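# Breakdown of the fold
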Amino acid sequence: MLTTITPVVPAVAGPLLKFAIIETTAALGAQRSATYSACDADRPEKYLADFWPPELSAGTCYGAAGVPSDFYSSARLFLGGVLIDKDGVVGRIAGLTDTAPGVFPVDAPATPVSMSYEASTNVVGLARTPLGRGAGASMAYRIPGYRMVYMPDVMGLPPQRPKASYRIVGAVTPQNAPPGWEAYVETLVQFDVATYTGSSFNSRFTAYSKKFTTDFSEDFEFDLNAVAHSQFTGDQAAYEIAVIHQVAYRRKSN
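Keep in mind the model is a prediction, meaning the values are calculated, not measured. Numbering of residues begins from 1 in every chain and follows the order in which that chain's sequence is written. Two thresholds apply to this predicted model, a pLDDT of at least 70 for residue-level local features and 80 or more for giving and counting side-chain atom pairs, whereas whole-chain, interface and lining totals are computed over all residues. The side-chain numbers reported here are obtained from all heavy atoms of the structure, hydrogens and water having been left aside.

It is worth spelling out the layout of surface pockets at this point. Gaps left between atoms are located by rolling a probe of water-molecule size over the structure's atoms. Reported here for the largest pocket is a volume of approximately 550 Å³. Both cavities and pockets are sets of points on a 1 Å grid over the protein atoms alone; in a cavity a 1.4 Å probe fits but cannot get out, in a pocket the set is open with protein on both sides within 12 Å along at least five of seven lines, and lining residues sit with an atom within 4 Å of a point. Around the largest pocket, the lining comprises 28 residues; the ones closest to its centre are Glu 55, Leu 56, Ser 57, Leu 188 and Ile 244. Strands are runs of DSSP state E lasting at least two residues, helices are runs of H or I lasting at least four, and both sets are numbered from the N terminus onward. Mapped by element, the contributors of at least two residues to the lining of the largest pocket are strand S2 (32–44), helix H1 (58–62), strand S7 (133–144), strand S9 (181–197) and strand S12 (236–251). Looking at the lining of the largest pocket, the element that brings in the most residues is S12, giving six residues. Looking at side-chain class alone, the lining of the largest pocket contains 16 nonpolar, eight polar and four charged residues. Grid points are joined across faces, edges and corners, and a volume is the space filled by probe spheres set on the points. For this classification, Asp, Glu, Lys and Arg are treated as charged, while Ala, Val, Leu, Ile, Met, Phe, Trp, Tyr, Cys and Pro are nonpolar and the rest, including Gly, are polar.

With respect to the helices and strands, the residue Arg 43 is situated in strand S2. Within polar-contact distance, the side chain of Arg 43 engages the side chain of Asp 70 at 2.9 Å. Here Arg 43 is in contact with Asp 50, Phe 51, Pro 53, Pro 68, Asp 70, Phe 71, Arg 133 and Gly 134, once residues within four sequence places are set aside. N or O atoms closer than or at 3.5 Å make up a polar contact, with two conditions inside protein: a donor-capable atom paired with an acceptor-capable one, and, for residues adjacent in sequence, both atoms drawn from side chains. Any pair of residues with heavy atoms lying within 4.5 Å of one another is described as a contacting pair.

Our next topic: the sheet that holds strand S11 (residues 216–223). In short, DSSP must find at least two bridges between two strands for them to pair. The strand order across the open sheet built from six strands is S4-S5-S6-S1-S8-S11, with neighbouring strands paired in antiparallel fashion. Of all strands in the sheet, those bounded by a partner on one side alone are strand S4 (91–93) and S11. Pairs of neighbouring strands in the sheet enclose a mean axial angle of 20 degrees, with direction left out of account. Across six bridges, strand S1 (residues 17–23) lies against strand S6 (residues 114–121) in antiparallel orientation. In the sheet register, Leu 17 faces S6, and the bridge partner there is Ala 119. Throughout, an axis means a line fitted to C-alpha atoms (over the contacting stretch in the case of helices), and angles, computed between N-to-C directions, take values from 0 to 180 degrees.

Encoded structure:
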């Protein structure tokens, strides 16, 4: 009698992370064009929380900049001009992570530009990790913000301080790693401002940056008047919203 054994890939209990960014002011349009990168890698299994060294993410992994000697990039991807709509980046992210549309918080205001999605593990891709190695996935993207203005303060008149308001919400559930694995998950949200004199680039500075490793909900106001930022030089400015998700997996000890 011939017996056929068909391997079954274990199901993941749920998403490893949920993320939503909500613009709570009047928006410019329903979609924006973003730059997007993704990276899969493996390193010796001893790494978990320090799998991704400082300054290393999907973007730098794609450029092979600052990659540790024991860091093996198994998949790298970069895309420009990606339209980001209310569902964010959806689909297969390199080999180890899948994303799907998410659900906005019940009290979130209705706004033209918002996105919500959930990221879960592609267990088939994770299963290919060599023995003795840990696995990691990073995805990163940058979205242009509102149009910034340049309105120097005038003596005798109140300062002009238009603001854009954001709400950043997320959930991190590393307990939903595939059976036999443990995970460490982090999300970085950052607002970077580029300054110009005319059309000539001057400098770039970070107006807001925060890394989350647990569930979070935060409201943030961003000054659209360039002169409101102490680091500003020049006569023009523009800002981008950077979002970086990084996950590391390690086999559980028996």
